[in-house]
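What follows is the residue order along each chain.
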Amino acid sequence: MSDTKQYDNDYENKWCPGCGNFGILNAIKKSLADMQMPPEKVLMVSGIGQAAKNPHFLQCNFFHGLHGRALPVATGAKLADQDLTILVNMGDGDCYGEGGNHLLAALRRNINLTLLVHNNMVYGLTKGQASPTSRRGFVTKAQPGGVAYDACNPLTLALSQGAGFVARGYCGEIQHLSRLIKEAVSYPGFSLVDILQVCISFNNVNTYQFYNDRVYKLEEETYKADDLHQAIDRAMEWEDKIPIGILYQKETRGYTQGLAPLQSGSLFSQTYDPEQVQKVISAV
Amino acid sequence: MSDTKQYDNDYENKWCPGCGNFGILNAIKKSLADMQMPPEKVLMVSGIGQAAKNPHFLQCNFFHGLHGRALPVATGAKLADQDLTILVNMGDGDCYGEGGNHLLAALRRNINLTLLVHNNMVYGLTKGQASPTSRRGFVTKAQPGGVAYDACNPLTLALSQGAGFVARGYCGEIQHLSRLIKEAVSYPGFSLVDILQVCISFNNVNTYQFYNDRVYKLEEETYKADDLHQAIDRAMEWEDKIPIGILYQKETRGYTQGLAPLQSGSLFSQTYDPEQVQKVISAV
Amino acid sequence: MSKDVTVTIGGEAGQGIQTVGDIIARVCHNAGLYLMAVNDFESRIRGGHSFMQIRISDTPVFAPCQKIDLLIALNTDTWDLHKNEMAATGLVLLDSPAKEKKDESKEKLPEQAQEKNVVQVGFSDLAKDAGGKIMTNTVAAGACLTLLGAPFSLFEQILTQKFKEKEKVLENNITAGRSGFDAVKNTEFPQKFNWPSDGASKGKLVTGVQVLALGALAADCRLAAFYPMSPATGIMIHLAEFMDQLPVLVEQAEDEISAINMIIGASFAGVRALTATSGGGFSLMAEGLGLAGITETPVVIINSQRPGPATGLPTRTGQGDLLFVIHASQDEFPRFVFAPRSVNQAFDTMIRAFHLSEKYQVPAIILTDQYFNDSLWMTTREMTVPEEIERFVTTDADMSSPSEYKRFKVTESGVSPRALPCKGRALVGVTANEHDEAGHMSEKIANRNNMVEKRLAKIQGMAEEMKGPDRYHGESEFLVAGWGSTDGAIREAVDQLRSENVNIGALHFSDLWPFPRKKAADALSDCKHFITVEHNASSQLGLLIRQQTGHSFYKAICKYDGRPFTPDWIAKHVTSVLEEIS
Amino acid sequence: MSKDVTVTIGGEAGQGIQTVGDIIARVCHNAGLYLMAVNDFESRIRGGHSFMQIRISDTPVFAPCQKIDLLIALNTDTWDLHKNEMAATGLVLLDSPAKEKKDESKEKLPEQAQEKNVVQVGFSDLAKDAGGKIMTNTVAAGACLTLLGAPFSLFEQILTQKFKEKEKVLENNITAGRSGFDAVKNTEFPQKFNWPSDGASKGKLVTGVQVLALGALAADCRLAAFYPMSPATGIMIHLAEFMDQLPVLVEQAEDEISAINMIIGASFAGVRALTATSGGGFSLMAEGLGLAGITETPVVIINSQRPGPATGLPTRTGQGDLLFVIHASQDEFPRFVFAPRSVNQAFDTMIRAFHLSEKYQVPAIILTDQYFNDSLWMTTREMTVPEEIERFVTTDADMSSPSEYKRFKVTESGVSPRALPCKGRALVGVTANEHDEAGHMSEKIANRNNMVEKRLAKIQGMAEEMKGPDRYHGESEFLVAGWGSTDGAIREAVDQLRSENVNIGALHFSDLWPFPRKKAADALSDCKHFITVEHNASSQLGLLIRQQTGHSFYKAICKYDGRPFTPDWIAKHVTSVLEEIS
Ligand SMILES: Cc1ncc(C[n+]2csc(CCOP(=O)(O)OP(=O)(O)O)c2C)c(N)n1
Ligand SMILES: Cc1ncc(C[n+]2csc(CCOP(=O)(O)OP(=O)(O)O)c2C)c(N)n1
Ligand code: SF4
Ligand code: SF4
Ligand SMILES: [Mg+2]
Ligand SMILES: [Mg+2]
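Described in the following lines is the structure provided in the data block. (Residues numbered from 1 in each chain as written. Chains lettered and ligands numbered in written order. Predicted model: local features only at pLDDT ≥ 70, side-chain atom pairs only at ≥ 80, totals over all residues. Heavy atoms only, no water.)

Here the focus is the overall build of chain A. When helices and strands are counted, chain A shows nine helices and eight strands. What you see for chain A is a C-alpha radius of gyration of 20 Å, in line with the 19 Å of a compact globule of 284 residues. For chain A, the spread of C-alpha atoms along the principal axes amounts to about 65 × 45 × 40 Å. The buried share of chain A, reckoned over its 284 residues, is 67%. If you take every contact in chain A between residues at least 6 apart in sequence, the share linking residues at least 24 apart comes to 70%. (Helix = DSSP H or I, 4+ residues; strand = E, 2+ residues; numbered from the N terminus. Rg over C-alpha atoms; globule rule 2.2 N^0.38 Å. Buried < 20%, exposed > 50% of the residue type's maximum accessible area, 1.4 Å probe, protein only. Contact = heavy atoms within 4.5 Å.)

Structure, rendered in structure tokens:
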């Protein structure tokens, strides 16, 4: 086991004691340590929300952007410098609500980023409104009659759009989650890890108890993560048992691979050549 | 056969002669006529693009809104007055590009609207850039090296998000398309009809010839539109044969059904009752 | 002389500061005292530091005070953070560490334990004794109320209201409250009120968000679409409370772009519709605002300001969006911008904004801020609902020939008769493109000019509806100009300065766009100098006044730290500006 | 005296109007004449009416003319629509109906066939004879060039360049061109040029979009993310042409929100990044603009204006976004706003915008418009690329202790040393929330004040970089003030008026924000009155000048029909304003 201390910083954590985000934070540290990624080689990008505060609590480079907009920022950074290792932290509202369109695009663009969604099925930071993953009937102050539509299923969504790495983790299974994150980071395309996260302040339905009673590990079954239909079926399990692990993985072509201007290295690493630029402009 | 003339107006059509949109327009007129919907009972809502001009060429009520934003406008109108019959026309860029987040939400919200996507796999009005449904390798002036990612599959997307009515039409099969539209309008929830539309000006890959060689009708097979996995498989067919028809249909709970304030009729139809309002306010 | 006491209750988020504050506020309110309270909290759910500051008086109060008379510190941080704000005669009630922890924490407390104005009270221990730590808040409220001189019976009344459905809980709370009462009954505190035994409350106690919601109801708002964003979310939460009593639907949208487009759709379909957000959400709505502009669809948008840029300080207050909302969205179209100064005016503004928005078929924007929204205010006036809602719509019956109806008929006033879709034979068509009278896209030069001129023609009528600045000692040599929620603090500062014989008054701008140019110029023309007071760094009101009237502010007093003005602070800064002048 | 000829080629979209125009323009350009051309087209792909208007002269020209000397009408509509714009000596070449259709359409043509200035030429018939209807454009170009007096050899040269790879096609086109040449060789046209047999072109022929793209390359822009939107798309299309020659990537984003966030991410990661859009897209970018503001990330945004509100007139021109872009996004932060007046200045502005944006770590906005973007211009100056690109970044090597690096270190200038993430041991953290020096969220009052003041401190340095208005006869009694692309037309109008002995000059504002207050005031202080000339309805420049300097415009000359100014039009309107004054 490697040292996770290197990722600790002395910035005060702002989550509620007992929040599931702590498990996720620890899993991230562990996976980074296991991959021997020094803090200065990590770029964390996030949106806005409780989940999105995550990068502040890690010793690393970070860009804590706008609500819903982490994926475009991460995409831009990766296009600029494909040598960066980028992890994206988003909340469920952040990613599947405000940021839905960017997720759709990221799934297709298949750029090499790892997206970790802290899915607590509620808007935490804004004090408990329904999120896209809140289940039908979930009662909040904004939805006093209960949520009146079915929850978004981010896993089937990703599967339907050709994603090559689709996994689900659970904040209560830190070892398991850290393995998932490692796999996701090493996957050479876009990887989604949707993480079941307990919010002790605003979601009293999807509690540790709820998950502990239902969660099972795909790795412990004879499950092979190479069949789309099976993956969809597993992704749709919920009421009685909930699978965690890699649901689906396949080889894909990473976006930056074929792009002409990236053939001689990252945009960042190439040098400005006034003669060449002048030549090109003068030739117009 | 009923009279489609009632939907003609004398506003000059602005599409290219030979555009696949004409077939769609005719199919819409035919389905409205068959359903005996007088022009004044129809509300067409659209975004911006060639497809979205459609409402101008029909005698009806219409709201031609912003690029990507037709679904929220239509949703607002339907929430205000659930008695309206609303058809939404969008382009593929409009709906799956700029408007992707609203589509995701509409699929879950399952409000009773019919969405007709004129899918020409290109941005027509802005002169031929790739759209989310452009296939990998499609060359345009903005993508001189060809599109470098896989196309969005709107049908599997809808299926993955619990949609209750998912169909595909083709602008070259007007009768068939008009039947689909009728079915979609009568479906009591959100219905998506993705329509293969030929753009003679900017898409020289997905031509009439291309489709005529590949398109087949699900109704002419022993296909039953009630199996999610089969629907997904059909939705993913493309290279050699392309199914049109209803891919999937199931019973769902329409969004407005359970909402408290709509129990005594549409918001629009309820009358302002100063005494009741005063009572409620004074009781605070 | 009138009594004026500021009580601050501070601790960690999640400790129940608001519960303590609410009880105190309600007891005082029920007894016929006046009060206002500000809520100060961080953008987190637990931990950190937050406080509620209640100003209680026997005359009306409209702004917080700088000096704390009584500090209820639920943790030692609170005392640390506020000790410099204590009034000379101020008293601190500090929770003493729980019995079992006393030993370890003793070292931490030597200092404050020795301060003579700090009284340690075992809030949590007493609560535990009464039945549970959860009642710490009741103990604290009890202690505070004793010091203020409240009779226990009034306290008991409120507890009974609060816990009426749970007998055992009520019983325990009364015990807890009593132990708080008793704990400090011998502590001296100079600021006791005369508690009228038969006092009747002088009005309603409401928060800004609540009044905005009630105003929307009174305006017959039917659809409220929103995406959660502090400090606006509360407006929608309060509206949602009425969904089963009134025909109002609160719809949480997938994002702010959707929210504004939804209300445009709803308004087009015939119901009054509202959205509420803060600056970030408003940014996302800019394009939709233009859609309302060109389709001439009435909508009401509340932008509750907080400091930016971008996410900024989500739970703090600011006034940085004035020029943005006036100019937001490409090209030009008429809109209303209002910034109410009080809960009374906010209630009226909601009604007026919906009315004027429909009358002129333009979007109306209401600017509030976190300070206004999250504070507790007293309204001493009935919130009266209109007898009737004038809808300014036309139907087939009003037309000689419905088939020839044209949504954008050019008229002198710029306002075209508005029919609703699917409500008769008249067809209604609108588009985000430039269009002809029938709502069809048109690129013709003459038509374009007609339509631009038609839309802008409305400005004349709209401008006539605008009220000039509200004048407070408006004939004075010097004037302080402000807008929105800062009015209470400004007026009180003016009172202070006038009591020191400064010849000063105030102008309050609530109607900001179309700018009441002539009325503003008139109100400004006689003063020697005017000074602006705003929660931004560039004096946006000052710039607007200069742009619209040519009158220049002498100096801008700007505060952009996210915390509300106090009258003292304003008075002090105005004084130094005046010294500079003379 | 100099020759100045306006040729208009009109027909349906899709008929190849631009091909005709391009050939004519290139022949004239190659021969050493000066020219500029505007493109007027509808928001549709086929049909309707569109035209290209080329103004050719033996001296430089910078704006279109009102009067048409030679109209090439590819259909009769064109003649109908433009007949009132014909110069007294103007000539119309009208395509005669195809042979086989002649009979049926004869009735339609009696009127114009009789007009003496209308000459029917069988463009399409001649093309068919030469090998195919597709060459109608070549025939038309040939006819036009004959009338202008061009030697056939020059025409042949251009055709050869154009079709060099397809021998047969070239041959046919030469035949077609010749038949056009021959068809009107006996037609009289008074405006023949002296064609230098050995003329050399006086510069490059470029469109606005092309120059903006080239400027971006010269500024070492590496990532350009965009969502298609007229009239900005062309910038990106032109940039995309260079993807295999230079390290520049053009990325089509899923929407404009993504585009701006992508370039912020790219810039954060260390490369120069650009987006381009029009008003609707800019609206959607407002929140992202604030993100660049608070994270102090340099980015360049081109907003190419078109008339609104909302979708408005997508293929027309306007200047309605000035105050919007200055105030866009919640709360306050520094930004640059530029509006170049010419292709030369646009090229320089791109380089300057990227440079200043990085120097001050703020977003820079460049305002252009459809008229500028889509017109064909001549640049008579080399487009010179900078020797070096100064990046204003810091690395571990520059730091005494990289581990203590703080991205937002407070400095007097407001500019903090900027390190890049993952490029050394220094960790770089930024957030959309208000933050401390290390980039961590902070709600502290003192920190907030520091950060607001740090950001705003940059304005001083930025303002010093701003150029005052460019003065053209700036000492005159009356001045006309404009901004952006209208400068050419304004100057020419001034020339006209001065030739009539009017004491008038012009001020052109290219550097709009931070507003060059002092320089503007100085430039304005001596004139008797100034008049603004803008493509909007409220005179946004005029309002800005008043807001910033207190100087009031006497009158605003506003044109908002989406079509560009001509010098004549401006001169006429200025004249009537001056009559009013005297
Ligand atoms: C444009 C915009 N809209 C709304 C908000 C307010 N907001 C902040 S966090 C949040 C949602 C938080 O929910 P989620 O993304 O699920 O994260 P969590 O707090 O639950 O981890 C919202 C709506 C914002 N900051 N910006
Ligand atoms: C916010 C915004 N961004 C961009 C545009 C420009 N625009 C107009 S139509 C269009 C795309 C058209 O493509 P599609 O939706 O597929 O419709 P089609 O024309 O192909 O039918 C775009 C990008 C716009 N009008 N508004
Ligand atoms: S509100 Fe919920 S998600 Fe946020 S920190 Fe607290 S427990 Fe965690
Ligand atoms: S550009 Fe394509 S989609 Fe648009 S009208 Fe022409 S053929 Fe149809
Ligand atoms: Mg969440
Ligand atoms: Mg399309």
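In this section: the site of ligand 1. Within the structure, ligand 1 sits among 22 residues, and Gln50(A), Asp92(A), Asp94(A), Gly124(A) and Glu256(C) are positioned closest to it. Bordering ligand 1 are residues originating from chains A, C and D. Between ligand 1 and the protein, one listed contact pairs an oxygen atom with a backbone N or O atom of Gly93(A) at 2.9 Å. Interatomic distance of 2.7 Å between a backbone N/O atom of Asp94(A) and an oxygen atom of ligand 1. In isolation ligand 1 has 590 Å² of accessible area, and contact with the protein removes 98% of it. (Near = heavy atom within 4 Å. Polar contact = N/O pair within 3.5 Å; in protein donor to acceptor, adjacent residues only side chain to side chain. Areas by Shrake-Rupley, 256 points an atom, 1.4 Å probe, with all protein chains shown as cover.)

Once that is clear, we can look at the site of ligand 2. Contacts to ligand 2 come from 22 residues, most closely from Gln50(B), Asp92(B), Asp94(B), Gly124(B) and Glu256(D). One finds residues of chains B, C and D in close proximity to ligand 2. Within the backbone of Gln50(B), one N or O atom sits 2.8 Å away from an oxygen atom of ligand 2. Within the contact set of ligand 2, an oxygen atom lies 2.7 Å away from a backbone nitrogen or oxygen of Asp94(B).

Another point: the packing of helix 19 (residues 540-549) of chain C against helix 19 (residues 540-549) of chain D. Here helix 19 of chain C crosses helix 19 of chain D at 120°, and the two axes come no closer than 8 Å. One element, helix 19 of chain C, and the other, helix 19 of chain D, form an angle in the oblique class. Crossing hand, helix 19 of chain C versus helix 19 of chain D: right-handed. Where helix 19 of chain C approaches helix 19 of chain D, its residues Leu543(C), Arg546(C), Gln547(C) and Gln548(C) are matched on the opposing element by Leu543(D), Arg546(D), Gln547(D) and Gln548(D). Of the residues that constitute the contact of helix 19 of chain C with helix 19 of chain D, the class distribution is two nonpolar, four polar and two charged. (Axes fitted to C-alpha atoms, helices over the stretch in contact; angles between N-to-C directions. Parallel < 35°, antiparallel > 145°, perpendicular 65-115°, else oblique. Left-handed = near helix turned anticlockwise from the far one by under 90°. Nonpolar A, V, L, I, M, F, W, Y, C, P; charged D, E, K, R; others polar.)

A separate point is unusual backbone geometry. All names here are of chain C. Note that the residue after glycine 308, namely proline 309, is joined by a cis bond; omega there is -5°. Note that proline 309 resides in the loop between strand 11 (299-305) and helix 13 (322-327). Phi is positive for glutamine 361, which is not a glycine, with a value near 55°. Positionally, glutamine 361 belongs in the loop between helix 14 (343-360) and strand 13 (363-369). According to the relative accessible area criterion, glutamine 361 is buried, its value standing at 2%. For asparagine 501, which is not glycine, the phi dihedral falls at a positive 70°. Secondary-structure assignment places asparagine 501 in the loop between helix 17 (487-499) and strand 18 (504-509). Classification of asparagine 501 by relative accessible area gives exposed; the value is 72%.

Attention shifts here to the environment of Leu103(A). Among the structural elements, Leu103(A) can be located in helix 4 (residues 100-109). Through-space distance from the C-alpha of Leu103(A) to that of Phe202(A) is 25 Å; in sequence the pair is 99 residues apart.

Residues and elements named next belong to chain C. Here aspartate 511 lies in strand 19 (residues 511-513). Of note is the side chain of aspartate 511, whose polar atom sits 2.5 Å from the side chain of arginine 352. Only 2.7 Å separates the side chain of aspartate 511 from the backbone nitrogen of lysine 467, close enough to count as a polar contact. Each residue touching aspartate 511, except ones within four places of it in the same chain, is listed here: Val337, Phe338, Arg352, Glu465, Met466, Lys467 and Pro516.

We now examine the coordination of the magnesium ion (ligand 5). On the protein side, the magnesium ion (ligand 5) has Asp92(A) (OD), Asn120(A) (OD1) and Val122(A) (O) as donor atoms, found 2.0 to 2.2 Å from it. Sequence positions of the donors to the magnesium ion (ligand 5) reduce to the motif D-x27-N-x1-V. (Donors = N, O, S within 2.8 Å, 3.2 Å for Na, K, Ca; no water.)

The next point concerns the coordination of the magnesium ion (ligand 6). Tetrahedral coordination by four donors sets the ideal angle at the metal to 109.5 degrees; octahedral coordination by six donors sets it to 90 or 180 degrees. Residues and elements named next belong to chain B. Note on the magnesium ion (ligand 6): its protein donors are Asp92 (OD), Asn120 (OD1) and Val122 (O). The metal-donor distances range over 2.0 to 2.2 Å. Read in sequence order, the donor residues coordinating the magnesium ion (ligand 6) give the pattern D-x27-N-x1-V. Taken together, the residues aspartate 92 in helix 3 (residues 92-98) and valine 122 in the loop between strand 4 (114-119) and helix 5 (154-160) connect sequence positions 30 residues apart. The exposure class assigned to aspartate 92 is buried, which follows from its relative accessible area of 2%. Residue class for valine 122 comes out buried when judged on its relative accessible area of 2%.

A contiguous patch of negative charge on the surface is contributed by Asp273(A), Glu275(A), Glu387(D), Glu388(D) and Glu390(D). Assignment of secondary structure puts Glu388(D) in the loop between strand 14 (376-379) and strand 15 (429-431). (Patch = residues over 30% accessible without salt bridge, like charges linked within 9 Å, V, L, I, M, F, W, Y side chains within 5 Å. Salt bridge = Lys/Arg side-chain N within 4 Å of Asp/Glu carboxyl O. Lys, Arg positive; Asp, Glu negative; His and termini not counted. Charge placed at Lys NZ, Arg CZ, Asp CG, Glu CD.)

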